[in-house]
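Observations on the model geometry
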Amino acid sequence: KAGVTQTPRYLIKTRGQQVTLSCSPISGHRSVSWYQQTPGQGLQFLFEYFSETQRNKGNFPGRFSGRQFSNSRSEMNVSTLELGDSALYLCASSSGNSHSRNEQFFGPGTRLTVL
Amino acid sequence: GIQVEQSPPDLILQEGANSTLRCNFSDSVNNLQWFHQNPWGQLINLFYIPSGTKQNGRLSATTVATERYSLLYISSSQTTDSGVYFCAVEARGSSNTGKLIFGQGTTLQVKP
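Residues numbered from 1 in each chain as written. Chains lettered and ligands numbered in written order. Predicted model: local features only at pLDDT ≥ 70, side-chain atom pairs only at ≥ 80, totals over all residues. Heavy atoms only, no water.

1. As for the layout of surface pockets
Put simply, the largest pocket is a space of about 480 Å³. Taken together, the elements giving at least two residues each to the lining of the largest pocket come down to β5 (42-50) of chain A together with β1 (4-7) and β10 (101-102) of chain B. Here the lining of the largest pocket takes four residues from β5(A), the largest share from any one element. For the lining of the largest pocket, the residue count by class is nine nonpolar, 10 polar and three charged. Counted as a void, the second largest pocket has a volume near 270 Å³. Residue lining of the second largest pocket: 18 residues in total, with A:Q37, A:T38, A:P39, A:G42 and B:Q37 positioned closest to the centre. (1 Å grid on protein atoms, 1.4 Å probe; cavity = no way out; pocket = protein on both sides within 12 Å on 5 of 7 lines; lining within 4 Å. Points joined across faces, edges and corners; volume = space filled by probe spheres on them. Helix = DSSP H or I, 4+ residues; strand = E, 2+ residues; numbered from the N terminus. Nonpolar A, V, L, I, M, F, W, Y, C, P; charged D, E, K, R; others polar.)

2. Topic: the interface of chain B and chain A
A common measure of how large an interface is: the accessible area buried when the components associate. Opposite the 21 residues of chain B that make contact, chain A presents 23 residues. Our enumeration of links across chain B and chain A arrives at zero salt bridges. Summed over the shared surface of chain B and chain A, the result is 12 residue pairs in polar contact (both at pLDDT 80 or more). Per element, the largest residue contribution to the side of chain B that touches chain A is four residues, and it comes from strand β4 (residues 29-37) of chain B. Classifying every residue of the side of chain B that touches chain A gives seven nonpolar, 11 polar and three charged. (Contact = heavy atoms within 4.5 Å. Salt bridge = Lys/Arg side-chain N within 4 Å of Asp/Glu carboxyl O. Polar contact = N/O pair within 3.5 Å; in protein donor to acceptor, adjacent residues only side chain to side chain.)

3. Examining the nonpolar core
Ranked by size, the top nonpolar core spans 23 residues in total, and within it B:W34, B:L72 and B:V89 carry the most contacts. Of all elements in the fold, only β2 (10-14), β3 (19-25), β4, β5 (43-48), β7 (59-64), β8 (69-74), β9 (83-91) and β11 (106-111) of chain B reach the threshold of two or more residues within this core. Judged by nonpolar contacts, the second largest core, of 21 residues, contains A:F60, A:M76, A:V78 and A:V114. (Core = buried A, V, L, I, M, F, W, Y, C linked by side-chain atoms within 4.5 Å. Buried < 20%, exposed > 50% of the residue type's maximum accessible area, 1.4 Å probe, protein only.)

4. Considering the sheet that holds strand β8 (residues 74-78) of chain A
Residue and element names in this part refer to chain A. Strand order in this open sheet of four strands is β1-β3-β8-β7, and the pairing throughout is antiparallel. The open sheet has two free edges, formed respectively by β1 (5-7) and β7 (64-68), since each of these has just one partner strand. Direction aside, the axes of adjacent strands within the sheet are offset by 20° on average. Relative to strand β3 (residues 19-24), β1 is paired through three bridges, and the arrangement is antiparallel. Counted as the bridge partner of T5 is S24 from β3. (Pairing = 2+ DSSP bridges. Axes fitted to C-alpha atoms, helices over the stretch in contact; angles between N-to-C directions.)

5. A word on the pattern of salt bridges
What the rule picks out here adds up to seven salt bridges over all chains. Across the pair A:E75 and A:R67 runs a salt bridge whose closest N-O atoms are separated by 3.2 Å. You can call A:E75 buried: its relative accessible area is 16%. A relative accessible area of 47% places A:R67 in the partly exposed class. Its salt-bridge partner being B:D27, residue B:R68 comes within 4.0 Å of it at the nearest N-O pair. Highlighted residues: B:R68 in the loop between β7 and β8 and B:D27 in the loop between β3 and β4, separated in sequence by 41 residues.

6. Some remarks on the pairing of β8(B)
Each regular strand displays side chains that alternate between the two surfaces of the sheet. Residues and elements named next belong to chain B. Counting buried residues in β8 gives five out of six residues, a clear majority hidden from the surface. With six bridges connecting them, β7 and β8 associate as antiparallel partners. By the bridge assignment, S60 is partnered in β8 with Y73.

7. With respect to the side chain of A:S72
The residue A:S72 is located in the loop between β7 and β8 in this model. Of the polar contacts made by the side chain of A:S72, one reaches the backbone oxygen of A:H29; its length is 3.3 Å.

8. Concerning unusual backbone geometry
Omega for the peptide link from A:T7 to A:P8 comes to -10°, which places this bond in the cis form. Between B:S7 and B:P8 the backbone carries a cis peptide bond, its omega angle lying at -10°. Note that B:P8 resides in the loop between β1 and β2. With phi around 60°, B:R68 is a residue other than glycine that occupies positive phi space. By relative accessible area, B:R68 is classed as partly exposed at 32%. Non-glycine residue B:S76 carries a positive phi angle of around 45°. Tracing the backbone through its elements, the reader meets B:S76 in the loop between β8 and β9.

In structure tokens:
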């Protein structure tokens, strides 16, 4: 099986712009979770989508949003970028089943730099 | 919410040495995973281990769910083992499905 893919791998934006990141999960996985990694805050959960519905959300401002399509691919959007949004954004896919093994597998990440 | 603490924060070893990394968590979990983050940032799955003991080559892990801790053992360390090791948990409860809470990581450096 192909692994989790993320595009683009690197991105440079300026303050005030918006950005869209994409994640394609492992075939058959219905859950996609997004995480932000920064040196100061570590790895933090952004949100999780399952069957096109946001099921869980972390403590991030409304500028961070996402969606999931019927083929389970997911996008996240950050509007009005701030310098502090510079980070590695990771997505993970899993079966999404809360009653059995729900191991998460991560993509290579998108490294966003905001100037 | 659930808290995850890893120790030690940093570890320096000579090649061939053994090490134990610890992860403490503050509440019951559905899921516990250990990851190794490579220099390019990708998280590599090491173990899915909400309870019990597993082994994979030179690595093994044990989770004692009743006492809320997990241990990752690395034997005969190699320079390629260098990097950051993360423990992450999914707290029990359907409202936490798909939400991993990460520890701050242990940075391991293996010297030749």
